[in-house]
Amino acid sequence: MSEILSNPEPENGLFGKEAEPAPRAPGLMEQFAGVFTEPGALFTKLRVSPSWGWALGAGLVAAIVMVVLWGLKVDVDAMLRPILERNPQISSDQIDKVIEIQGRFILPFGIIQTLFGVPIICAVMALIYWLIGKGTAEAEKPSYLQAFSVATVPGLIMVPHSLVTGLMCLLKPVGGLTPDKLSPTSVGYYVAVQNPKLAALLYSFDPFVLGYFFVLYIAARKGMGLKPLGAGLCTGVVVLFMVGFKVIFAK
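Residues numbered from 1 in each chain as written. Predicted model: local features only at pLDDT ≥ 70, side-chain atom pairs only at ≥ 80, totals over all residues. Heavy atoms only, no water.

**Student:** Requested: an account of the overall build of the protein chain, with residues and values cited.
**Tutor:** Each helix and strand in the protein chain was counted, giving 11 helices and 2 strands. If you list the helices and strands of the protein chain from N to C, you get α-β-β-α-α-α-α-α-α-α-α-α-α. Here the C-alpha coordinates of the protein chain stretch approximately 95 × 35 × 35 Å along the principal axes. Counting all 251 residues of the protein chain, 38% fall into the buried class. Partitioning the contacts of the protein chain with sequence separation of at least 6, the portion at a separation of at least 24 is 69%. A total of about 14,700 Å² of accessible surface is found on the protein chain, and carbon and sulfur atoms cover 68% of it. (Helix = DSSP H or I, 4+ residues; strand = E, 2+ residues; numbered from the N terminus. Buried < 20%, exposed > 50% of the residue type's maximum accessible area, 1.4 Å probe, protein only. Contact = heavy atoms within 4.5 Å. Areas by Shrake-Rupley, 256 points an atom, 1.4 Å probe, with all protein chains shown as cover.)

The following block contains the structure:
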């Protein structure tokens, strides 16, 4: 009798034994500190309690701040005219008209594109990670929510990058430069080259960008439980989109 009282069985709920509540997901500050200091420990926690809202929100705010500061100062004519003039199908009158329209709408379109485009991209990347995880998990296959957490939380690495780029837009002449060419943390900011593909590659050599790839690999390993091959594939897909396509299509 005393053993029963000292080790009581869990009470049965309406649907049988009540499960223990899931551990609390790390908050925004814990996630932000974790991606820079202990990504392995952070994503081990996130595998049990996936979270994405705080990271996605912080990334959106930082990106919108950067877009607004850039959109208020960019010289749309200097940015678009050289591109449009290389197209023989567009006349000079049409070029002026396109630049006028773009100059009027570049800021609101930039905000809308960021506000809706970033969540859509995260959702698509999470789907890719989830599909990769179905065939490369070490044990239990990851859930889509775990994949969505991996698609969003490593992006906190890029929050300071966005804010620093926005600050540069505020303090320096922007001219016709796009935001990726204004970040003082990239090699391309200091090394000027004529080859556009090499220039695009140099702008991608940035400690924040490289750190993002590194954290993403750890996130796929710890947050989704993928084998090294699966984590490498997830990271490779992002490198292809963020660097490869930028270099291939640079003109």
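**Student:** Could you give an account of a nonpolar patch on the surface, with specific residues and numbers?
**Tutor:** A surface patch of nonpolar side chains, amounting to about 770 Å² of accessible area, comprises I101, F105, F109, I112, L115, F116, I120 and V124. Of note, I112 is situated in helix α6 (residues 92-136). A residue is classified by how much of its surface remains accessible, and I112, at 46% relative accessible area, is partly exposed. (Patch = residues over 30% accessible without salt bridge, like charges linked within 9 Å, V, L, I, M, F, W, Y side chains within 5 Å. Salt bridge = Lys/Arg side-chain N within 4 Å of Asp/Glu carboxyl O.)

**Student:** Go over the environment of S51 with me, naming the residues and quoting the values.
**Tutor:** In this structure, S51 sits in the loop between α3 (39-48) and α4 (53-73). We classify S51 as buried; its relative accessible area is 10%. The spacing of S51 and K97 is 46 residues in sequence and 46 Å in space, taken between C-alpha atoms. Sequence-distant contacts of S51, that is, excluding residues within four places in its chain, are made with A25, P26, Q31, L46, S149, T152 and V153.

**Student:** Quick rundown of the nonpolar core? Include the residues and the values.
**Tutor:** If you look at the biggest cluster of nonpolar residues, it comprises 41 residues, and the most contacted ones within it are V35, F43, Y129, V153, I157 and V238. Elements with a minimum of two residues in this core: α3, α4, α6, α7 (144-152), α10 (207-223) and α11 (228-248). Counting residues per element, this core draws most heavily on α10, which supplies 8 residues. Ignoring sequence-local partners within four residues, the contact set of F43 consists of V35, V153, P154, V215, A219, K222 and G223. M79, L80, I95 and L182 belong to the second-largest nonpolar core, a separate cluster that totals 12 residues. (Core = buried A, V, L, I, M, F, W, Y, C linked by side-chain atoms within 4.5 Å.)

**Student:** Hey, could you go over the confidence of the model for the protein chain for me, with residue numbers and the actual values?
**Tutor:** The predicted model of the protein chain has a mean per-residue pLDDT of 89, with 91% of residues at 70 or higher. Mean pLDDT per element in the protein chain: helix α1 (residues 2-6) is the minimum at 40, and α7 is the maximum at 97. (pLDDT = per-residue confidence, 0-100.)

**Student:** Report on the pattern of salt bridges, specifying residues and quantitative values.
**Tutor:** Enumeration according to the criterion identifies 7 salt bridges in this entry. Among the ionic pairs, R81 bridges to D77, the shortest N-O distance being 2.9 Å. In this pair, R81 and D77 are both assigned in helix α5 (residues 76-85), 4 residues apart and thus about one turn of the helix distant. D77 sits in the partly exposed class, given a relative accessible area of 29%. Across the pair E138 and R221 runs a salt bridge whose closest N-O atoms are separated by 2.9 Å. With E138 in the loop between α6 and α7 and R221 in helix α10, this pair connects stretches of sequence that are 83 residues apart. Overall, the relative accessible area of 25% leaves R221 in the partly exposed class.

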